[in-house]
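Each chain is listed here by its residues.
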Amino acid sequence: MNVLLVLPLLVPLATAVAGILLLRVPRAARAASALGAAGLLAASIALLSATLDGTILVTQAGAWPAPFGITLVADRFAAAMVVVGAVLLAAVVASSVRGLDAARERAGFHPLVHALAMGVSGAFLTGDLFNLYVWFEVMLMSSFVLVSLGGEREQLTGGLRYVVLNLVSSALFLAGAGLLYGTVGTLNMADAAVALRAMPAQGTTSVVAALFLLAFGIKAAAFPLFFWLPASYHTPPMPIAALFAGLLTKVGVYALVRTGTLVFDRDRAFTDPLLLAVAALTMVTGVLGAMAQTDVRKVLSFHIVSQIGYMLMGLGLGTRLALAGTVFYVLHHIVVKGNLFLVAGVIRRVGGSFSLDRLGGLLTRSPLLAAAFLVPALSLAGLPPLSGFWAKYLLVRAGLEAGHGAIVGVALAVSLLTLFSMTKIWAEAFWKPAPEGSDPAPLGAGERLSLLGPVLALGAVTVAIGLGAGVLFRFADAAAAQLLEPGLYVRAVLGARGGGG
Amino acid sequence: MIAAVLSGFAVALLAPALAKRLGRGAGAVLALYPAALFFRFLSRVPAVVAGETPSASLPFVPELGISLSFRLDGLALLMALLVTGIGAIVLVYAGTYLEGHPRRGPLLGLLVAFLSAMAGLVLCDDLLALFAFWEATSILSYFLIGFEREEAEARAAALQALLVTGGGGLALLAGFVLLGQAGGTLEVSALAANAEALKAHPLYLPALLLVLAGAFTKSAQVPFHFWLPGAMAAPTPVSAYLHSATMVKAGVFLLARLHPALGGTREWVWVVTSVGAATMLTGALLSVGQRDLKRLLAFSTVSALGSLTMLVGVGTPAALGAAMVFLLAHALYKAALFLVAGILDHEAGTRDATRLGGLLPLLPATGVAAMAAAFSMAGLPPLLGFVSKELLYDAALRASPLPFVLVPVAVGSNMLLVAVALTVGFGPFTGPRGATSKLPHEAPVAMWAGPALLGFGSLAAGVFSGALSPFLSAAASSALGHPYGVRLELWHGFSLVLLKSLVTLVVGVALYRGRHRLRAFAERFAPLGALGPARLWRAGLAGLVSVAKGTAAFLSSGSLRQDVRVVVVAAVALLGPLLLSRGTFGAADALPSVRPIEAVLALLVVAGAVGAVVAGSRLSAVVGLGVTGYGIALLFLVFGAPDLSMTQFAVETLSVLLFVAVLRRLPRLRSRSAPRSRAVDAALAAAVGALMAGLVLAVHAGPLRSRLSGFFAESSLPLAKGRNVVNVILVDFRGLDTLGEITVLAVAALGVLSLVRLRLAAKGTAGAKEGGR
């Protein structure tokens, strides 16, 4: 058994259990939570460093051989996702110290975020489709409780739309898993990949694949399945929303990439054009939705949708460069998007509102906050040399090299509108004079540390990715190469038996 | 070279602290940085003139073939000297101009950062690194135009400039990527070496058009020119530096830079020349209707950028030589005039040309500097502007396409610009004293020194223009791609060109004398401006925002029912046709083997579901669901899975009991949806049901090939020491799943607990019930 693969599940599980036991002792719960987040970060970095040389780590749970038991697998992409998720979790836990009300903290915020982290890690590391379903359920239940934690009316109506749509996704996923089992007699992804290669590329399996596409498309908030996201993401407190914004949809994207390159990579003539069309529509509807908003949280929520389109674009193009672009985009986006939601929380604290109509003068009031906003905002809009520029550049180049000028045009136009949206927040919240009567107390020393510390740290990550883009690109390229060589994954999981795959 | 240029970003970060420390001297101290750069570049002139190209390279993203490679050829050197030289002057000026302004430090910092970005832009040989600097200048220009952030107008102008140049920037990025694809490299020098193949490549035209879109937006060419006058909302030193001397020249610079690689084709010559000529004329025509000194200068800058573009479009050696001379001449006189406009604004309290006059005795130094600059702009010998205009006319005369169009455009525009030059740089200092709000007096030396230096430069460069020949020839040679000697002379005998210069001057002066009537005449056509591209842009943006509002309204209007409908429709639309086209069905063979008991149970399941839907009360709906559940459990039994069946029975019984316990406390069902809506739902439900049934049949058509159940049955007892296979699967073979599901239950329990305990808003509970229906 490889302990590196188990720790990213075990550490958050233990932390969640400790959090439940310590519910009545908030200080201790917080300390345990911080310790757990740090532990997960350390464990995930250890996992990543073990995959850097191209090794695919595999553990058979309970030592039952694949495909009979459950397999945990970490290739480069999966390991990197666990790391970035852990980075965001650490930032969220740090910012919750002052960014979250005490009542919600006592009601179980800490165990819930760690349960969520466990589900997210599980989803990245599992090599079994039914097990993936289980991790989705863990994520769904924890996120639903988190989104409705506090029981405000807006939260509950938003949370309801969130949970029902996601349950529809679960139902589709389960139906797909059942039908796949009926077709190939296995749910181990590597085993299913081998079995599917013996079948005609276009047939009933294409329909089953489309079922998974729908289920994961809902999770990823792709067009037109994203309605749950703008209905719910602006309702919880910002540390919670930041975690959602960074991670949840990206698990859907991850599942699309994983199954799209490993299991359902046969009927590309059908899936690629579909993915590209969905990608374009997702980018455009998301950014248009964002342009019309005046609430910072809603602007940011719609942009999540829009950016999912870019990630799908890389998958739909399907070349090595394009997949590297998707990997780069996902990793960059988790940091930037989580950060922007945390910044929105600070904007609310310093400016007294989320509404652009009632904000203003923040550049005068807190230049540090302005800097903390600008880095992720300009990165999101794809300005060089920040991380978002490289992500966009890779996809643009991949698209043009593949001769898909139309989607590249859409992607570039959408990035201009993203810039429009970000400068709108800047001009309204930071430049415009503060409106009459808004005068929240300035940040105290503790608040500076807890609220500005995490956003500046995440901003530093964004700048570092941008200036050292080559390092992350080399990694993303290697990850893409691995994804495009499913035989490696299959052999790692099944041993020599899958060698022919 | 690279470190020297990039260190400006660090210097910029220090500026605010420095400004706090040093007060009014901060500008001068910061100016030491560009001044040092200026002299460093100046020391390279002999080497570059001798034909060397000093270069340096740092790997940036080697994995993507991107390097930070700087190449100091003649063109880069000319631009770098302008950027650093005028940069130093503007910093000294701005330090005093903004005295007492609370944000002087940040402004100086932004200017220094811009200076570095602009220097990087002109020195880069790698297109992608060039693009990074290009975008940096756009975003810094945004912050500088919006510097007076309390003014809504400044914020709007900043956004407009950013969107226009940013949009062009994105086209440029796509163009660069295509160039990289077609030429196999992103190094400009390597692209130029392979120019013929590049021009024959099928991607040449799209790449060219995209690059031109980027260059035209940045250099304010028609129809994108409208952002430049708006950018005058920036503080005057910013306008002088960014929006006249440097950033707006970036587009022209890029065209000149890429001319050896892309220029000379029919497409290039026609598109670039005609856009440049149109811009030249438009800018000149629009400038005469202005009263505000800065707007006068802004439109004349548009016109100047047009003539530069036109010359690069024509692309002959004479034209590129003229372009380089004009680039220098324009930077010298236009920056000076902007700075003078700032002094007048500062000292006299107005920038209205009609209210300024007779100031020479009060502002002698400024006045002399202004006149030198204005005379150069008007093309009066012996200033550099004269030399440059001669060369422009000469090039236009000898242009291969349409000299009969280009010459009248050039001469006509220049006549108007003579009037503008005199209005800005001569009028305020001569004639009767104007009605200004405060009594003007001479500006501090830190402010008039800059214009004086630039004005003197215009004169010296004109008188000793021959000495400049080698240097400007080097610049022209870089733009041409082969060595060429520009001949700068004050006097080259009586010629057609000289005649044109004289006519321009005479008519220009006449226009100046009649400037008030000219302006009144132009103002009558002002309403026509409403039809222009600025209006179109605003309308387009407003249209886009209203489309966005419509989209957003649609996206957020949704209800839960709407959400589910969308997903269901998407599922049916995607899967239905796919199933029909790709699925294979074996249902017909399977039908005879259905046993009567199976059929009965199936009907029971269906009846239960239908009953649940049509039930009039919650309780009967739950009973219907229970019937369905029991029916399924019985089916499991019939198919020989007693363990599973028992589990299902237990689950069904428990959930019915729980439902009944909870539902008893809820009010009766009220307000059921309209029949029409229910019909839609029924149709959708039926479609999904049919789809699932079809899918199952299609999957069932193939052989069932589970390898797992055999292993589980065989290994359960010997390996896992358990007799009940289902239990062993749950706790051992797939124990990780169970761990996950237990976590789900624990989290759900925590959620219930918190909902009960934590009622942040008392109304919240009512919302939950309502939403739950």
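Residues numbered from 1 in each chain as written. Chains lettered and ligands numbered in written order. Predicted model: local features only at pLDDT ≥ 70, side-chain atom pairs only at ≥ 80, totals over all residues. Heavy atoms only, no water.

S.K.: Describe the overall build of chain A, listing the residues and the values that go with them.
M.R.: What chain A contains, in helices and strands, is 20 helices and two strands. For 501 residues, the compact-globule formula gives about 23 Å, and the C-alpha radius of gyration of chain A, at 22 Å, lands near that figure. If one aligns the C-alpha atoms of chain A with their principal axes, the spans along those axes are about 70 × 55 × 40 Å. Each of the 501 residues in chain A was classed as buried or not, and the buried ones make up 71%. When contacts within chain A are restricted to residue pairs at least 6 apart in sequence, long-range pairs at least 24 apart make up 81% of them. Accessible area of chain A: about 13,100 Å², with a carbon and sulfur share of 66%. Both charge centroids of chain A, one from 31 positive and one from 21 negative side chains, sit 4 Å from each other. (Helix = DSSP H or I, 4+ residues; strand = E, 2+ residues; numbered from the N terminus. Rg over C-alpha atoms; globule rule 2.2 N^0.38 Å. Buried < 20%, exposed > 50% of the residue type's maximum accessible area, 1.4 Å probe, protein only. Contact = heavy atoms within 4.5 Å. Areas by Shrake-Rupley, 256 points an atom, 1.4 Å probe, with all protein chains shown as cover. Lys, Arg positive; Asp, Glu negative; His and termini not counted. Charge placed at Lys NZ, Arg CZ, Asp CG, Glu CD.)

S.K.: Summarise the overall build of chain B; cite the residues concerned and give the values.
M.R.: Scanning chain B from terminus to terminus reveals 34 helices and two strands. A compact globule built from 773 residues should have a C-alpha radius of gyration of about 28 Å, whereas chain B, at 38 Å, is more than 25% larger. The buried share among the 773 residues of chain B stands at 53%. Put simply, 77% of the contacts in chain B that link residues at least 6 apart link residues at least 24 apart. When the accessible surface of chain B is summed, it comes to about 31,600 Å², and 70% of that surface belongs to carbon and sulfur atoms. Across chain B, the centroid of the 57 positively charged side chains sits 9 Å from that of the 34 negatively charged ones.

S.K.: Account for the interface of chain B and chain A, naming residues and giving values.
M.R.: At the junction of the two partners, chain B supplies 99 residues and chain A supplies 113 residues. For the pairing of chain B and chain A, the buried interface totals around 9,300 Å² over both sides, and the portion due to carbon and sulfur atoms is 76%. Counting the contacts that link chain B with chain A gives four salt bridges. Asp128(A) is the salt-bridge partner of Arg734(B), the closest N and O atoms lying 2.6 Å from each other. At the junction of chain B with chain A, the criterion picks out eight residue pairs in polar contact (both at pLDDT 80 or more). Examining the composition of the side of chain B that touches chain A, we find that 14 residues originate from one element, helix α33 (residues 735-757) of chain B, more than from any other. (Buried area = accessible area lost by both parts, 1.4 Å probe. Salt bridge = Lys/Arg side-chain N within 4 Å of Asp/Glu carboxyl O. Polar contact = N/O pair within 3.5 Å; in protein donor to acceptor, adjacent residues only side chain to side chain.)

S.K.: Go over unusual backbone geometry with me, naming the residues and quoting the values.
M.R.: Here the bond from Phe223(A) into Pro224(A) is cis, since omega is -10 degrees, no more than 30 degrees from zero. Here Pro224(A) shows up in the loop between α8 (204-220) and α9 (228-232). Following Pro381(B), the chain continues to Pro382(B) via a peptide bond in cis, the omega torsion being 5 degrees. Within the element layout of this structure, Pro382(B) appears in the loop between α17 (364-378) and α18 (384-397). Of note, Ala221(A) is a non-glycine position whose phi angle comes to about 65 degrees, a positive value. Among the secondary structure elements, Ala221(A) is positioned in the loop between α8 and α9. With phi around 50 degrees, Ala220(B) is a residue other than glycine that occupies positive phi space. You can see Ala220(B) is positioned in the loop between α10 (204-218) and α11 (227-230). Overall, Ala220(B) belongs to the buried group, its relative accessible area being 0%.

S.K.: Explain helix α20 (residues 486-494) of chain A residue by residue, including any values.
M.R.: All names here are of chain A. Among the residues of α20, Pro486, Gly487, Tyr489, Val490, Val493 and Leu494 are the ones counted as buried. Down the axis of α20, the smallest arc covering the buried residues is 160 degrees, so these residues share one side. In this fold, the buried residues of α20 make contact with β1 (57-60), β2 (71-74), α7 (189-197), α10 (238-262) and α19 (469-483). Just downstream of α20 lies Gly495, where phi reads positive at about 75 degrees. (Arc of directions from axis to C-beta.)

S.K.: Just give me the short version of the pattern of salt bridges, but keep the residues and values in it.
M.R.: Following the criterion strictly, the structure yields 25 salt bridges over all chains and no others. One salt bridge connects Arg297(A) with Asp295(A), and the closest N-O pair in it is separated by 2.8 Å. With a shortest N-O distance of 2.8 Å, Glu598(B) and Arg595(B) are connected by a salt bridge. Under the relative-accessibility criterion, Arg595(B) is labelled partly exposed at 37%. Bridged by salt links that share partners, the residues Asp128(A), Arg734(B) and Asp737(B) form one connected network.

S.K.: Let's hear about a nonpolar patch on the surface: which residues, and what values?
M.R.: All names here are of chain B. Nonpolar side chains collect at one region of the surface, where Phe456, Leu459, Val463 and Phe464 lie side by side and expose about 410 Å² of accessible area between them. Its place among the elements puts Val463 in helix α20 (residues 445-463). Exposure remark for Val463: the relative accessible area of 41% places this residue in the partly exposed category. (Patch = residues over 30% accessible without salt bridge, like charges linked within 9 Å, V, L, I, M, F, W, Y side chains within 5 Å.)

S.K.: Give a detailed account of the environment of Ala156(B), specifying residues and quantitative values.
M.R.: All names here are of chain B. Relative to the helices and strands, Ala156 is located in helix α7 (residues 152-183). Using a relative accessible area of 47% as the deciding quantity, one classes Ala156 as partly exposed. Taking the C-alpha atoms as reference points, Ala156 and Gly230, 74 residues apart in sequence, are found 8.7 Å from one another.

S.K.: Provide a residue-level description of the pairing of strand β2 (residues 66-71) of chain B, including the pertinent values.
M.R.: Residues and elements named next belong to chain B. Most of β2 sits out of view: five of its six residues are buried. Where strand β1 (residues 55-61) lies against β2, six bridges are found, and the strand directions are antiparallel. Within β2, the residue paired with Val61 across the bridge is Ile66. Counted between consecutive antiparallel strands, the loop separating β1 from β2 contains four residues, among which Gly65 sits at a positive phi close to 70 degrees. (Pairing = 2+ DSSP bridges.)

S.K.: Please give an account of the packing of α7(A) against α20(A) that cites residues and values.
M.R.: All names here are of chain A. Interaxial distance between α7 and α20 falls to 9 Å at its minimum, and their mutual angle equals 120 degrees. By the angle between their directions, the pair α7 and α20 is classed as oblique. For α7 against α20, the interelement crossing comes out left-handed. Every residue of α20 that contacts α7 at Ala190, Asp191, Ala193, Val194 and Arg197 is listed here: Pro486, Tyr489, Val490, Val493 and Leu494. (Axes fitted to C-alpha atoms, helices over the stretch in contact; angles between N-to-C directions. Parallel < 35°, antiparallel > 145°, perpendicular 65-115°, else oblique. Left-handed = near helix turned anticlockwise from the far one by under 90°.)

S.K.: Requested: an account of the environment of Gly629(B), with residues and values cited.
M.R.: All names here are of chain B. Mapped onto the secondary structure, Gly629 falls in helix α28 (residues 618-638). Considered as a pair, Gly629 and Leu604 are 25 residues apart in the sequence and their alpha carbons are 9.7 Å apart. The contacts of Gly629, once residues within four sequence positions are left out, are Gln648 and Glu652.

S.K.: Before we move on, can you summarise the packing of aromatic side chains with the specific residues and values?
M.R.: In total, this model carries 44 aromatic pairs over all chains according to the counting rule given. Ring centres 6.3 Å apart and planes at 90 degrees place the aromatic pair Trp390(A) and Tyr393(A) in the edge-to-face group. Separated by three residues within a single helix, Trp390(A) and Tyr393(A) lie in helix α16 (residues 387-401), roughly one turn from each other. Across the pair, exposure class does not vary: Trp390(A) and Tyr393(A) are buried alike. Three or more aromatic residues link up through ring pairs in this structure, and these residues are Phe130(A), Tyr133(A), Phe136(A), Phe173(A), Phe212(A), Phe216(A) and Phe264(A). A cation sits over an aromatic face here: Arg103(B) above Phe147(B), 5.1 Å from the ring centre. Taking the ring centre of Trp134(B) as reference, the NZ or CZ of Lys218(B) above it sits at 5.0 Å. (Phe/Tyr/Trp six-rings, centres within 6.5 Å; stacked < 30°, edge-to-face > 60°. Lys NZ or Arg CZ within 6 Å of the ring centre and 35° of its normal.)

S.K.: I'd like a rundown of the packing of helix α2 (residues 26-43) of chain B against helix α5 (residues 104-123) of chain B, residues and numbers included.
M.R.: All names here are of chain B. The interhelical angle for the contact between α2 and α5, taken along N-to-C directions, is 10 degrees, at an axis separation of 10 Å. When the interaxial angle is binned, α2 and α5 end up roughly parallel. Contacts between α2 and α5 involve Ala26, Gly27, Leu30, Tyr33, Pro34, Leu37 and Phe41 on the former and, on the latter, Leu108, Val112, Leu115, Ser116 and Leu123. Per-class residue counts for the contact of α2 with α5 are 10 nonpolar, two polar and no charged. (Nonpolar A, V, L, I, M, F, W, Y, C, P; charged D, E, K, R; others polar.)

S.K.: Could you give an account of the side chain of His330(B), naming the residues involved and the relevant values?
M.R.: Residues and elements named next belong to chain B. Along the chain, the position of His330 falls in helix α16 (residues 317-348). A polar contact is formed between the side chain of His330 and the side chain of Lys249, at a distance of 3.0 Å. When neighbours within four sequence positions are excluded, His330 is seen to be in contact with Ser244, Lys249, Thr301, Ala304 and Ala335.

S.K.: Talk me through the confidence of the model for chain B; I want residue IDs and the actual numbers.
M.R.: Caution is warranted with low-pLDDT regions, since their predicted coordinates should not be read in detail. Averaged over all residues, the pLDDT of chain B is 90; the fraction at 70 or higher stands at 95%. If you check the scores for this complex, the pTM reads 0.94 and the ipTM reads 0.94. (pLDDT = per-residue confidence, 0-100.)

S.K.: Hey, could you go over the side chain of Thr165(B) for me, with residue numbers and the actual values?
M.R.: All names here are of chain B. Its location among the elements puts Thr165 in helix α7. At a separation of 3.5 Å, a polar atom in the side chain of Thr165 contacts the main-chain carbonyl oxygen of Leu162. If we skip the residues at most four places from it in the chain, Thr165 touches Ser138, Thr217, Lys218 and Trp227.

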